Amino acid sequence: IDWKIHNGRLQVRSDFLSPELPRDQNGFFTTADRAEPCGTGSFTLHGRADDIVKVGGRRVDLSEVCDKLKTLTGVRDAVVFAMHARTGRGSDIAALIAGTADASAIRSGLAKICEPYAIPRHIKIVDSIPVLPTGKYDRDMIERFFEGKSLE
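Residues numbered from 1 in each chain as written. Predicted model: local features only at pLDDT ≥ 70, side-chain atom pairs only at ≥ 80, totals over all residues. Heavy atoms only, no water.

I keep staring at the nonpolar core and nothing clicks. Help me out?
Side chains of a nonpolar character, in soluble globular proteins, are inclined to be buried together. In this structure, Val60, Leu69, Val80, Ile97 and Ile106 are the most contacted members of the largest nonpolar core, which totals 23 residues. Those elements giving two or more residues to this core turn out to be strand 5 (52-55), helix 1 (62-69), strand 7 (75-84), strand 8 (91-99) and helix 2 (103-111). Grouped together as the second largest cluster of nonpolar side chains are 10 residues, Met83, Ile129, Ile142 and Phe146 included. (Core = buried A, V, L, I, M, F, W, Y, C linked by side-chain atoms within 4.5 Å. Buried < 20%, exposed > 50% of the residue type's maximum accessible area, 1.4 Å probe, protein only. Helix = DSSP H or I, 4+ residues; strand = E, 2+ residues; numbered from the N terminus.)

Next comes the structure, spelled out in structure tokens:
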């Protein structure tokens, strides 16, 4: 098995890959995982590059959860992403929200319009969501809001 990181995505080459998977001219398949090199011969996974994740064995569209969040009173903006669950192998949904609503009101509002497994387990309220000079959300900074802290 060979691997490399290209444009922040993990690419793998292996005889064990399903033959119908698309590959580049060098035989590498681009996965839907974001990753970065970590020393020699290893990498760190940073979650899915697409907006579909599995939570408790069920597929959740993070874009859809984000759109629903933005309809709630007191939510000006939101970023929803998957983070590694503290227990088990799965993912938890996290939401960084710019606005005046509190986490309890957000969960209550989402409970009326989302399946229970799609409600973010970790919610952080901020004045504004960090962006890069390009205007895109600063994902690294956003993820730092949730590192090593007691989450709501």
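Picking up after the structure, the text goes on.
Can you walk me through the sheet that holds strand 9 (residues 122-126) in this structure?
In a beta sheet, neighbouring strands are held together by backbone hydrogen bonds and run either parallel or antiparallel to one another. Ordered by their spatial adjacency, 3 strands build an open sheet running 7-8-9, and the pairing between neighbours is mixed. Across the chains shown, the open sheet's two edge strands, defined by having one partner strand only, are strand 7 and strand 9. Here the average twist between neighbouring strands, direction ignored, is 20°. Where strand 8 lies against strand 9, 5 bridges are found, and the strand directions are parallel. Residue pairing across strands places Leu96 opposite Lys124, the latter belonging to strand 9. Contacts from helix 1 reach strand 7 and strand 8 within the one sheet, and its direction differs from that of strand 7 by about 150°. Docked against the sheet, helix 2 engages strand 7, strand 8 and strand 9, running at close to 125° with respect to strand 9. (Pairing = 2+ DSSP bridges. Axes fitted to C-alpha atoms, helices over the stretch in contact; angles between N-to-C directions. Contact = heavy atoms within 4.5 Å.)

Please explain helix 2 as it appears in this structure.
Three or four residues apart is the spacing at which side chains of an α-helix point the same way, because the helix has 3.6 residues per turn. Listed as buried for helix 2 are Ala103, Ile106, Gly109 and Leu110. Summarising the axial view, the buried residues of helix 2 lie within an arc of 130°, below the 170-degree limit, and thus occupy one face. Buried residues along helix 2 sit against helix 1, strand 7, strand 8 and strand 9. (Arc of directions from axis to C-beta.)

How do you make sense of the pattern of salt bridges when you look at a structure like this?
Pairs may arise between side chains of opposite charge once their charged atoms sit close together. This model, assessed by the stated rule, comprises 5 salt bridges. With a closest N to O distance of 3.3 Å, Lys68 and Glu64 form a salt bridge. Taken together, the residues span about one helical turn, with Lys68 and Glu64 both in helix 1 at a distance of 4 residues. Judged by relative accessible area, Lys68 falls into the partly exposed class, the value being 23%. Under the relative-accessibility criterion, Glu64 is labelled partly exposed at 42%. (Salt bridge = Lys/Arg side-chain N within 4 Å of Asp/Glu carboxyl O.)

Explain the packing of aromatic side chains here, please?
Between two aromatic rings, the relevant description is the distance of the centres plus the angle of the planes. Applying the stated criterion across every chain yields a total of 2 aromatic pairs. Ring centres of Trp3 and Phe43 lie 4.7 Å apart, and the angle between their planes is 65°; this geometry places the pair in the edge-to-face category. One end of the pair, Trp3, is in strand 1 (residues 2-6); the other, Phe43, is in strand 4 (residues 43-48), and 40 residues separate them in sequence. Judged by its relative accessible area of 30%, Phe43 falls in the partly exposed class. Aromatic side chains Phe81 and Phe146 sit 5.5 Å apart centroid to centroid with 75° between the ring planes, which places their arrangement in the edge-to-face category. Separated by 65 residues along the polypeptide, Phe81 in strand 7 and Phe146 in the segment after helix 3 (139-144) bring together distant segments of the chain. The exposure classification of Phe81 matches that of Phe146, with both residues buried. (Phe/Tyr/Trp six-rings, centres within 6.5 Å; stacked < 30°, edge-to-face > 60°.)

Please clarify how helix 1 should be interpreted in this entry.
For helix 1, the set of buried residues is Leu62, Val65, Cys66 and Leu69. Each buried residue of helix 1 lies within a common arc of 100° when the element is viewed along its axis, so the set occupies one face. Those residues of helix 1 hidden inside the fold are in contact with strand 5, strand 6 (58-61), strand 7, strand 8 and helix 2. A distance of 2.9 Å separates the backbone nitrogen of Ser63 from a side-chain oxygen at the start of helix 1, and that oxygen is part of Asp61. (Polar contact = N/O pair within 3.5 Å; in protein donor to acceptor, adjacent residues only side chain to side chain.)

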